[in-house]
Amino acid sequence: MQQSEWLDYISLYGFSSVLLFQFLFIGLQWAFIRRREYIYYLSYMLGIGIFSVLKYSHLQLPWINQADVQFLECKLDLILPIFSYFLYYRFARTFLELPDRFPKYNNWIKKLEY
């Protein structure tokens, strides 16, 4: 195994573990509080997680079928990041309660979102 490939594995598993921790933490918060914005953030993290696995598909991970990854990467390469950012902006607007507290900023963020 080459050093660059080793660093790729460390990067993928490090990022995935941080993402998993955040996913579980926000999922527990949602289970107790039941606010809509937590669903937006969970969906955002799921999209980023799938995107990162697709981008690291060259590592030949044993739990991933490479034919499926190539098909999904072709279809989701541009859609998944845009959808994830859309969900993040939606999360930010609802978490900060922009429509009620700051309508001017809410309109500005809506323009970025759509």
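Preceding this paragraph is the structure being described.
Residues numbered from 1 in each chain as written. Predicted model: local features only at pLDDT ≥ 70, side-chain atom pairs only at ≥ 80, totals over all residues. Heavy atoms only, no water.

Draft legend 1. How the structure looks around the overall build of the protein chain. Helix and strand content of the protein chain: six helices and zero strands. Secondary structure elements in the protein chain, listed N-terminal to C-terminal, are α-α-α-α-α-α. Per-residue burial for the protein chain yields a buried fraction of 30% across its 114 residues. Carbon together with sulfur atoms contributes 66% to the accessible area of the protein chain, which is approximately 8,200 Å² in total. (Helix = DSSP H or I, 4+ residues; strand = E, 2+ residues; numbered from the N terminus. Buried < 20%, exposed > 50% of the residue type's maximum accessible area, 1.4 Å probe, protein only. Areas by Shrake-Rupley, 256 points an atom, 1.4 Å probe, with all protein chains shown as cover.)

Draft legend 2. Structural view of the packing of aromatic side chains. Applying the stated criterion across every chain yields a total of ten aromatic pairs. Through pairs of rings, three or more aromatic residues link up here, namely Tyr 41, Tyr 44, Tyr 88, Phe 91 and Phe 95. Between Arg 34 and the ring centre of Trp 30, over which it is positioned, the NZ or CZ distance is 4.2 Å. (Phe/Tyr/Trp six-rings, centres within 6.5 Å; stacked < 30°, edge-to-face > 60°. Lys NZ or Arg CZ within 6 Å of the ring centre and 35° of its normal.)

Draft legend 3. How the structure looks around the nonpolar core. By size, the foremost hydrophobic cluster in this structure holds eleven residues: Leu 19, Ile 26, Tyr 38, Tyr 40, Tyr 41, Leu 42, Tyr 44, Met 45, Ile 48, Leu 87 and Phe 91. Only helix H1 (3–33), helix H2 (36–55) and helix H4 (79–95) provide two or more residues apiece to this core. Per element, the largest residue contribution to this core is seven residues, and it comes from H2. The residues contacting Leu 19, other than those within four sequence positions of it, are Met 45, Ile 48 and Gly 49. (Core = buried A, V, L, I, M, F, W, Y, C linked by side-chain atoms within 4.5 Å. Contact = heavy atoms within 4.5 Å.)

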